[in-house]
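Here is what each chain is made of, one letter per residue.
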Amino acid sequence: VSTPIFMLRGYDTVWINGQELNLEDYTKKFQLFACNAEKIEAERICIVENLDTFLVAEKLLGKNYVFLHKYGRIGKESLSSLYTNHLLVFVDYDFNGLEEFLRIREVFEFAQLHIPENYDELFGMYSQSLKGNKAEMTNRIKQSSDVNVVKIRESIIRNNRFLEQQYWKYD
């Protein structure tokens, strides 16, 4: 069992273990704030799967979220540290990403999967072959009826390709 390390960035106030923190100050000065916290509270949180995307997340999604990246996979125990009214999940558009979203959704029923408005166009331009991608479709993904999960799942199956969230590097 490892110690969960959370990295945060954003332009809003966040409460960590009951202490108010001006996250904007840390984001501007140091690019992020890292902590091992029992309780992270923010009005709007966006969990970002990949570190390089996390470091530019506000350029993609705006400044209305506290962006969170966890060192290692985020599990149910780590998720129990988060307190929010709005949770957006920004992951790779592959089976690992869908599995992570569905695991988060078990804890936060209101969690939403971020899908760019121009997903189909981005998929056509930047998707990669599944060959070499070790991610497998789990029963949870197969059985999901979430509209966005079905859209991504069917796109992966139909094309035998996936889209990483780092598509933004190409724009």
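This section reports on the structure supplied with the text. (Residues numbered from 1 in each chain as written. Predicted model: local features only at pLDDT ≥ 70, side-chain atom pairs only at ≥ 80, totals over all residues. Heavy atoms only, no water.)

**Side note on the overall build of the protein**
For step 1, the next point in the chain: When helices and strands are tallied, the protein shows eight helices and twelve strands.
For step 2, the next point in the chain: Taking 171 residues into account, the globule formula puts the C-alpha radius of gyration at 16 Å, and the protein, at 16 Å, falls close to it.
For step 3, the next point in the chain: Once the C-alpha set of the protein is aligned to its principal axes, its extents read approximately 50 × 35 × 25 Å.
For step 4, the next point in the chain: Out of the 171 residues in the protein, the part that is buried amounts to 49%.
For step 5, the next point in the chain: When the accessible surface of the protein is summed, it comes to about 9100 Å², and 45% of that surface belongs to carbon and sulfur atoms. (Helix = DSSP H or I, 4+ residues; strand = E, 2+ residues; numbered from the N terminus. Rg over C-alpha atoms; globule rule 2.2 N^0.38 Å. Buried < 20%, exposed > 50% of the residue type's maximum accessible area, 1.4 Å probe, protein only. Areas by Shrake-Rupley, 256 points an atom, 1.4 Å probe, with all protein chains shown as cover.)

**A word on the sheet that holds strand β4 (residues 33–35)**
For step 1, the next point in the chain: Spatially, six strands are ordered β4-β1-β7-β6-β9-β10 in an open sheet, and the strand pairing comes out mixed. Looking at which strands have only one partner, the edges of the open sheet turn out to be β4 and β10 (112–113).
For step 2, the next point in the chain: In terms of strand pairing, strand β1 (residues 6–10) meets β4 through three bridges, oriented antiparallel. Bridge pairing links Phe6 to Cys35 in β4. (Pairing = 2+ DSSP bridges.)

**Remarks on the pattern of salt bridges**
For step 1, the next point in the chain: Applying the stated criterion across every chain, the model contains twelve salt bridges.
For step 2, the next point in the chain: Two residues, Glu100 and Arg103, come together in a salt bridge whose shortest N-O distance is 3.5 Å. You can see Glu100 and its partner Arg103 sitting in helix α5 (residues 95–107), three residues apart, about one turn around the helix.
For step 3, the next point in the chain: According to the relative accessible area criterion, Glu100 is buried, its value standing at 4%. (Salt bridge = Lys/Arg side-chain N within 4 Å of Asp/Glu carboxyl O.)

**Some points on unusual backbone geometry**
For step 1, the next point in the chain: A positive phi angle, near 50°, is found at Asn17, a position not held by glycine.
For step 2, the next point in the chain: For Asn17, a relative accessible area of 41% puts it in the partly exposed group.
For step 3, the next point in the chain: Backbone geometry at Gln31 places phi at a positive 80°, although glycine is not the residue there.
For step 4, the next point in the chain: Residue placement: Gln31 occurs in the loop between α1 (23–30) and β4.
For step 5, the next point in the chain: Accessibility expressed as a relative area gives 41% for Gln31, which makes it partly exposed.

**Remarks on the side chain of Ser144**
For step 1, the next point in the chain: With respect to the helices and strands, Ser144 occurs in the loop between α7 (139–143) and α8 (147–159).
For step 2, the next point in the chain: In this structure Ser144 comes out as buried when scored by relative accessible area, which is 11%.
For step 3, the next point in the chain: Only 3.2 Å separates the side chain of Ser144 from the backbone nitrogen of Asp146, close enough to count as a polar contact.
For step 4, the next point in the chain: Apart from the residues lying within four places of it in its own chain, the contact partners of Ser144 are Leu102, Val149, Val150 and Arg153. (Polar contact = N/O pair within 3.5 Å; in protein donor to acceptor, adjacent residues only side chain to side chain. Contact = heavy atoms within 4.5 Å.)

**As for the nonpolar core**
For step 1, the next point in the chain: Membership of the largest hydrophobic core comes to 54 residues, with the highest contact counts inside it found for Leu8, Ile40, Ile47, Leu68 and Ile104.
For step 2, the next point in the chain: Here this core takes five residues from α5, the largest share from any one element. (Core = buried A, V, L, I, M, F, W, Y, C linked by side-chain atoms within 4.5 Å.)

Shape descriptors only; they carry no functional weight alone.
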